[in-house]
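Per-entry structural report
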Amino acid sequence: MIKACIFDLDGVIVDTARYHYLSWKRLANEIGVELTEADNERLKGVSRRRSLDIILELGKVTMSEEEKEALAEKKNTWFVDYLEQMSPDEIYPGVKKLIRQIGEKGIKVGLASSSKNAKAVVEILKIQDDFDVVVDGNMIVHSKPHPEIFLLAAERLNIKPSDCVVFEDAAAGVDAALAAGMKCVGVGSLALLSHANKVVSKTADFRVQDLEDLENA
Ligand code: BG6
Ligand code: MG
């Protein structure tokens with residue numbers, strides 16, 4: 001039985017994944033590294049520091065921990081600048097309706113994001129009351145693909161992991177959901193998320209009736 005749906009935030013509820021990409025690309029350019037959209041797929045879902053390490057690996061750049069801290073902070077300042085321009089109309093069309101329909105079926109709804117900015121995003125979008133629980137990057141030690149964030153969400157919802165479905169746009173997030181023993185709906189490209197139990201192009205393409213198929217997946 002599916003008793004809870006757990007949504008990732010960046011790239012599933014709103015296109016903040018784009019703002020992460022643009023901010024990382026600007027930082028990568030500053031240190032002479034080219035960051036393509038294809039490479040950026042590896043940054044999705046992972047922590048800020050891991051994202052920076054991937055960029056440094058791509059460019060074969062080495063630097064001290066202090067320098068890394070400063071760069072990660074700089075990228076975050078640019079990301080926060082984007083957030084300050086954001087409004088509730090940037091929520092992907094149909095997502096609030098889907099969340100409401102899930103709730104009407106008596107299924108709990110959680111939000112689980114690796115981002116330390118997730119609470120701010122949720123407040124800007126005014127969606128805090130749409131979720132039974134919100135867990136973010138400040139509450140975990142291991143970022144996706146580790147299952148910790150989803151296991152924490154399930155624990156706070158008081159639902160067994162095997163009764164949860166995760167909605168994820170990141171390959172690392174799909175890995176994390178499956179490692180938690182949950183079902184996973186990938187949001188985005190089938191080629192990149194084929195390890196999910198089902199893939200939709202956009203979050204709102206998922207219909208609440210589709211949950212029944214996932215029970216048998
Ligand atoms: C995830 C994003 O939600 O949060 C990643 O998919 C991002 O791209 C991660 O790196 C951490 O975000 P933040 O806001 O803590 O830097
Ligand atoms: Mg995401």
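For the structure, check the block above.
Residues numbered from 1 in each chain as written. Chains lettered and ligands numbered in written order. Predicted model: local features only at pLDDT ≥ 70, side-chain atom pairs only at ≥ 80, totals over all residues. Heavy atoms only, no water.

1. Observations regarding the packing of aromatic side chains
To be explicit about the condition: Each Phe, Tyr or Trp ring (for Trp, its six-membered ring) is paired with any other whose centre lies within 6.5 Å, and the angle between the two planes then decides the class: stacked below 30 degrees, edge-to-face above 60, tilted in between. A run of H or I in DSSP becomes a helix once it reaches four residues, and a run of E becomes a strand once it reaches two; helices and strands are each numbered from the N terminus. Residue exposure (1.4 Å probe, protein chains only): buried if accessible area is under 20% of the type maximum, exposed if over 50%, otherwise partly exposed. Throughout this description, the term charge over a ring refers to an Arg CZ or Lys NZ atom that lies within 6 Å of the ring centre and within 35 degrees of the ring normal.
All chains considered together, the criterion is met by 3 aromatic pairs. With centroids separated by 4.8 Å and ring planes inclined at 5 degrees, the aromatic side chains of Tyr19 and Tyr82 adopt a geometry described as stacked. Placement of Tyr19 in helix α1 (residues 16-30) and of Tyr82 in helix α4 (residues 65-84) is noted, with a sequence separation of 63 residues between them. Note on Phe167 and Phe206: the rings are 5.0 Å apart at their centroids and 90 degrees apart in plane angle, and the pair reads as edge-to-face. Within this pair, whereas Phe167 is found in strand β4 (residues 164-168), its partner Phe206 is found in the loop between β6 (198-200) and α10 (210-215), the two being separated by 39 residues in sequence. Residue classification places Phe167 among the buried residues on the basis of a relative accessible area of 0%. Chaining the aromatic ring pairs together yields one cluster made of Phe7, Phe167 and Phe206. The ring of Trp78 carries the charged tip of Arg26 above its face, separated from the ring centre by 3.9 Å. Across from the ring centre of Phe79, 4.8 Å away, lies the NZ or CZ of Lys75, which sits over that ring.

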